[in-house]
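Overview (structure and organization)
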Amino acid sequence: MSNSESENMIIDIHSHQRDHAANIKKHFNIIIPQEETEDIELDAATVYSAGIHPWYIAETGFKDQLGWLRQLAKDDRVRMIGECGIDKLKGPSLGIQEEVFIRQIRIAEEFRKPVIVHCVRAFNEMISIKKVVRPKVPVIIHGYQKKPELGLQLIEKGFYLSLGADLLRDESQAGQLLKQMDLSKLFLETDDSEADIVSIYRKASEILAMPLHELEELIYENYLGLYIE
Ligand SMILES: [Zn+2]
């Protein structure tokens, strides 16, 4: 067995941090702007997700936003569509949020890219949308930190779950879920926290009592699996 952890590719499935290191595949999230005048620039060294975040849906201009997203979705560096989803605490009405979310799922299907989901107090809606829309692409709920029971239910319904800095807190719900969940549905992320992804992997490997390099490999396999049809 090698102990050279640095040989593994570490997947950070969702991040708002701009820095990157050679052995970390950090998926930097692009939030589709509300106005065309705001530039979106992609650089060659980075991989991305791109989507219309529910907070920033332009209520009267989301058709333009969907058009800009379609353009970005064609780019190979954009690996996932999102974060998109439903937030019951912020953003436009539920009806508009659901419509814009479903239309982003359609774009993800068209370009065969996974969907990365932002979901706040709308897990029932999430489950019923998945049941009705039946996306063939994988759907990952990011930043999951609610009850382990609900997390297990979401996995049973076919969602992947990405856990983040919540794991670093002692006795976190994310940590409890981690011990019980199907690890083939697991991703890890930094999101908007200042934590670094390696410390999140380390904590997860402690919770699981699994060597760090094994966890890195496992999540890398999960990642490759997202793109197998
Ligand atoms: Zn985010």
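The next subject is the overall build of the protein chain. Tallying secondary structure elements over the protein chain gives seven helices and eight strands in all. Taking 2.2 N^0.38 as the reference for a compact globule, 229 residues should give roughly 17 Å; the C-alpha atoms of the protein chain span a radius of gyration of 17 Å, in line with that estimate. If one aligns the C-alpha atoms of the protein chain with their principal axes, the spans along those axes are about 55 × 40 × 35 Å. Going through the 229 residues of the protein chain one by one, you find that 53% of them count as buried. The contacts in the protein chain between residues at least 6 apart in sequence include a share of 66% that link residues at least 24 apart. Of the side-chain charges in the protein chain, 27 are positive and 38 negative, and the distance between the mean point of each set is 7 Å.

Turning our attention to the side chain of Ser172. Position of Ser172 relative to the elements: it lies in the loop between strand E7 (160-163) and helix H5 (173-180). Once you skip the residues sitting within four places of it in the chain, Ser172 turns out to touch Asp166 and Leu167.

Attention shifts here to the layout of surface pockets. For the largest pocket, the calculated volume is near 490 Å³. Lining the largest pocket are 25 residues, with His118, His142, Gly143, Gln145 and Asp191 sitting closest to its centre. Per-element accounting of the lining of the largest pocket gives the leading share, three residues, to strand E5 (residues 115-120). Residue classes in the lining of the largest pocket are distributed as nine nonpolar, nine polar and seven charged.

Let us now look at the confidence of the model for the protein chain. Summary statistics for the protein chain give a mean pLDDT of 94 and a share of 97% for residues scoring 70 or more. Confidence over residues 1-6 falls short of pLDDT 50; this stretch has seven contacts with residues more than four positions distant or in other chains.

Protein coordination of the zinc ion is provided by His14 (NE2), His16 (NE2), Glu83 (OE) and Asp191 (OD), with donor distances spanning 2.1 to 2.3 Å. Given four donor atoms and angles of 86 to 178 degrees at the metal, the environment of the zinc ion is assigned as irregular. Written as a sequence motif, the donor arrangement for the zinc ion is H-x1-H-x66-E-x107-D. In this pair, His14 sits in strand E1 (residues 10-15) while Glu83 sits in strand E4 (residues 78-87), placing the two residues 69 residues apart along the sequence.

Quick look at the pairing of E5 now. With five of six residues buried, E5 lies mostly within the body of the structure. When E4 meets E5, the two strands line up parallel, connected through six bridges. Opposite Asp87, over in E5, you have Val120 as the bridge partner. In this fold, E4 hands off to helix H2 (residues 94-110), which returns the chain to E5; that crossover is right-handed. When E5 meets strand E6 (residues 139-141), the two strands line up parallel, connected through three bridges. Each residue of the ladder has a partner; that of Ile116, found in E6, is Ile140. Assessed by its sense of winding, the connection that carries the chain from E5 through helix H3 (residues 123-133) to E6 is right-handed.

Here we have eight strands laid out as an open sheet, ordered E1-E2-E3-E4-E5-E6-E7-E8, and parallel in their pairing. Both outer strands of the open sheet, E1 and strand E8 (186-188), are each paired with one neighbouring strand and no more. When strand polarity is set aside, the average angle formed by the axes of neighbouring strands in this sheet is 30 degrees. The pairing of strand E3 (residues 47-51) with E4 spans three bridges and is classified as parallel. If you follow Ala50 over to E4, its bridge partner there is Ile81.

Right, let's get into the packing of helix H6 (residues 197-208) against helix H7 (residues 212-225). At their nearest, the axes of H6 and H7 sit 9 Å apart, and the two run at 105 degrees to each other. As the angle between them shows, H6 and H7 are arranged roughly perpendicular. Facing H6, whose interface residues are Tyr201, Arg202, Ala204, Ser205 and Leu208, H7 presents Leu212, Leu215, Glu216 and Ile219.

Rules used throughout
Residues numbered from 1 in each chain as written. Predicted model: local features only at pLDDT ≥ 70, side-chain atom pairs only at ≥ 80, totals over all residues. Heavy atoms only, no water. Helix = DSSP H or I, 4+ residues; strand = E, 2+ residues; numbered from the N terminus. Rg over C-alpha atoms; globule rule 2.2 N^0.38 Å. Buried < 20%, exposed > 50% of the residue type's maximum accessible area, 1.4 Å probe, protein only. Contact = heavy atoms within 4.5 Å. Lys, Arg positive; Asp, Glu negative; His and termini not counted. Charge placed at Lys NZ, Arg CZ, Asp CG, Glu CD. 1 Å grid on protein atoms, 1.4 Å probe; cavity = no way out; pocket = protein on both sides within 12 Å on 5 of 7 lines; lining within 4 Å. Points joined across faces, edges and corners; volume = space filled by probe spheres on them. Nonpolar A, V, L, I, M, F, W, Y, C, P; charged D, E, K, R; others polar. pLDDT = per-residue confidence, 0-100. Donors = N, O, S within 2.8 Å, 3.2 Å for Na, K, Ca; no water. Tetrahedral: all angles 85-135°; square planar, octahedral: opposite > 155°, others 65-115°. Pairing = 2+ DSSP bridges. Right-handed = clockwise from strand over helix to strand, strands pointing away. Axes fitted to C-alpha atoms, helices over the stretch in contact; angles between N-to-C directions. Parallel < 35°, antiparallel > 145°, perpendicular 65-115°, else oblique.

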